[in-house]
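Understanding the architecture of this molecule
Each chain is listed here by its residues.
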Number of protein chains: 2
Amino acid sequence: MSELNQDPAIILVAPQMGENIGAAARAMHNFALSDLRIVRPRDGWPNPAAVPMAASADFILEEAQLFGETSESISDLHYVVATTARRRGMIKPELTPREAVQEMRRKQAEGLKTGILFGGERSGLDNEDVTLADAILSVPTNPDFRSINLAQAVLLIGYEWFISAPAVTERDAPALEGRAAPASKHDILVLMEHLERELDRVNFFYPEEKRDSMIRNLRNFWARADLREQDIRTLHGVIVALAGEKTRAISGEGEDT
Amino acid sequence: MSELNQDPAIILVAPQMGENIGAAARAMHNFALSDLRIVRPRDGWPNPAAVPMAASADFILEEAQLFGETSESISDLHYVVATTARRRGMIKPELTPREAVQEMRRKQAEGLKTGILFGGERSGLDNEDVTLADAILSVPTNPDFRSINLAQAVLLIGYEWFISAPAVTERDAPALEGRAAPASKHDILVLMEHLERELDRVNFFYPEEKRDSMIRNLRNFWARADLREQDIRTLHGVIVALAGEKTRAISGEGEDT
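Predicted model only: the values in this text are computed from it and were never measured. (Residues numbered from 1 in each chain as written. Chains lettered and ligands numbered in written order. Predicted model: local features only at pLDDT ≥ 70, side-chain atom pairs only at ≥ 80, totals over all residues. Heavy atoms only, no water.)

**Concerning the environment of B:Ile60**
Residue and element names in this part refer to chain B. Just so we agree on the cut-off: Secondary structure elements are taken from DSSP: a helix is a run of H or I of four residues or more, a strand is a run of E of two residues or more, and numbering for both begins at the N terminus. Buried means the residue's accessible area, taken with a 1.4 Å probe over protein chains only, is under 20% of the maximum for its type, while exposed means over 50%, and partly exposed covers the values in between. Whether two residues touch is decided by their heavy atoms; if any such pair falls within 4.5 Å, the residues are in contact.
Its place among the elements puts Ile60 in helix α3 (residues 58–63). Using a relative accessible area of 0% as the deciding quantity, one classes Ile60 as buried. As a C-alpha pair, Ile60 and Leu36 span 24 residues in sequence and 6.7 Å in three-dimensional space. Not counting the four nearest positions on each side in its chain, Ile60 is found in contact with Ala25, Met28, His29, Leu33, Ser34 and Leu36.

In structure tokens form, the structure reads like this:
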């Protein structure tokens with residue numbers, strides 16, 4: 001089913017209570033979503049506490065995919081939105097639910113797969129997860145009372161997705177941009193890791209305490225850079241050429257001695 | 001407070017579970033609604049089961065008004081919408097949540113008071129209640145799974161109300177994207193030239209007849225990559241780190257000879 005399903009994946013990252021996972025599945029079914037992915041659920045998976053809350057959406061729980069890492073959970077997707085309640089100081093588009101679903105409808109019309117990341121009940125998504133996303137989605141709320149339950153967030157965004165159905169697909173789909181298909185998250189991750197490996201080799205991430213933020217800045221850049229499959233190949237080549245030549249140069253010198 | 005409050009009243013008619021009344025109050029607070037009215041609650045009022053679910057919206061429960069009849073609960077209102085999941089065969093406008101809040105905003109702008117009727121968990125509003133309303137509101141859902149919880153219905157309609165506020169539209173328009181200003185075309189060109197110079201040094205653009213299209217592909221990528229000033233600095237650093245290390249290695253070898 002999920003092979004043909006081009007509706008957004010709902011990705012729960014480190015959810016705590018099984019009841020909320022069940023309620024999220026139910027909310028998904030209310031709005032005809034079915035691709036549920038769960039990353040590191042606190043209480044393991046499957047979780048019997050999820051079932052009663054899912055009501056007749058239990059089939060969504062049964063088909064849910066389990067992942068150890070957020071990056072793995074999105075590897076087949078092309079456009080990912082991270083739901084957060086607070087600003088992260090990252091350079092990413094910040095979208096309302098309505099804007100986010102419109103963007104996802106456009107991606108869907110191009111044949112691309114999308115997904116929405118939801119953080120756990122206590123503290124939401126961590127910065128590393130948000131970094132993987134193309135855009136940030138915040139539900140507008142009363143500034144005096146922002147706390148929305150996990151399943152409620154899924155409900156609101158599922159609702160926006162559902163009611164956005166007919167109009168956008170036809171109206172706003174931009175033409176495919178030539179031969180180059182958008183890169184998958186997997187391809188982008190492999191590229192990032194390639195670059196970071198080479199940069200590690202030349203001690204680029206120095207001093208050590210700055211390492212995480214330097215990597216985050218780079219990853220934020222790649223995430224929004226609209227990479228195409230062709231770019232991925234080219235940029236791997238660029239990295240190999242720049243870094244690999246160094247290796248050849250050194251070993252070339254070595255051969256002379 | 002409620003005398004001056006021109007936001008819609010949320011009217012729960014014959015609600016059954018206190019927990020759902022509490023959750024409805026919480027959802028109201030999320031979207032800055034506070035005028036809660038309760039008609040013939042099954043378990044009496046006040047109901048201690050409502051309090052924990054209301055979280056910090058308990059003040060809404062405390063100020064809630066209790067009524068014996070739906071008609072009494074709406075007597076001070078000018079425009080009332082009835083939420084229903086199914087057609088009633090009545091000649092009334094049938095509105096989506098979005099259309100309903102727009103109509104209510106228009107009434108509000110005229111200084112009129114509005115309200116939304118929600119039926120109890122088991123069977124919703126009865127026809128007599130619906131008859132009192134000016135219009136019918138149905139939340140669009142998956143036709144295979146229409147069942148939405150009472151508090152979820154309040155949440156969705158509260159959300160639509162909240163985001164339909166003119167003030168909100170401005171405030172929650174996606175903010176300027178953070179500290180990093182977009183890079184100037186000049187900065188981008190300097191970056192491209194830096195990269196191309198280093199790539200030339202390692203004979204990346206080979207064979208010669210492919211050189212122009214390879215450069216064009218790279219430049220197309222940088223042009224749409226949404227580069228910020230910070231990215232420009234980082235990427236210069238990346239190029240220097242990858243290519244410069246090579247130069248240092250070579251010149252280091254050179255010094256030895």
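**Re the packing of helix α7 (residues 150–163) of chain A against helix α7 (residues 150–163) of chain B**
Definition in use: Only C-alpha atoms enter the line fits that serve as axes; for helices the fit covers just the stretch in contact. Angles between N-to-C directions range over 0 to 180 degrees. Left-handed is the label given to a crossing in which the near helix is rotated counterclockwise from the far helix by less than a right angle, and right-handed is the label when the rotation is clockwise. Charged means Asp, Glu, Lys or Arg here, nonpolar means Ala, Val, Leu, Ile, Met, Phe, Trp, Tyr, Cys or Pro, and polar covers whatever is left, Gly included.
Direction vectors running N to C along α7(A) and α7(B) enclose 65°, while the axes themselves pass 10 Å from each other. Between α7(A) and α7(B) lies a crossing of right-handed hand. Across from A:Gln152, A:Leu155, A:Leu156, A:Tyr159, A:Glu160 and A:Ile163 in α7(A), the residues of α7(B) making contact are B:Gln152, B:Leu155, B:Leu156, B:Tyr159, B:Glu160 and B:Ile163. Considering only residue class, the contact of α7(A) with α7(B) consists of eight nonpolar, two polar and two charged.

**Digging into the pairing of strand β6 (residues 114–118) of chain A**
Residues and elements named next belong to chain A. Definition in use: Two strands pair under a simple rule: DSSP has to find at least two bridges between them.
By the criterion of burial, β6 is predominantly enclosed, with five of the five residues buried. Looking at chain direction, strand β1 (residues 9–13) and β6 are connected through four bridges and run parallel. Within β6, the position partnered with Leu12 by the bridge is Phe118. The pairing of strand β4 (residues 79–83) with β6 spans four bridges and is parallel.

**Considerations on unusual backbone geometry**
Omega for the bond connecting A:Trp45 with A:Pro46 falls within 30 degrees of zero, at 0°, which places this linkage in the cis form. If you trace the backbone, A:Pro46 turns up in the loop between β2 (36–39) and α2 (50–54). A positive phi is found at B:Ala14, a non-glycine position, where the angle reads about 50°. Looking at the secondary structure, you find B:Ala14 in the loop between β1 (9–13) and α1 (18–30). A relative accessible area of 30% means that B:Ala14 is categorised as partly exposed. Here B:Arg40, not a glycine, exhibits a phi torsion of approximately 45°, which is positive. The residue B:Arg40 is located in the loop between β2 (36–39) and α2 (50–54) in this model. Accessibility expressed as a relative area gives 37% for B:Arg40, which makes it partly exposed.

So far we have only geometry, and geometry alone does not tell us how the molecule works.
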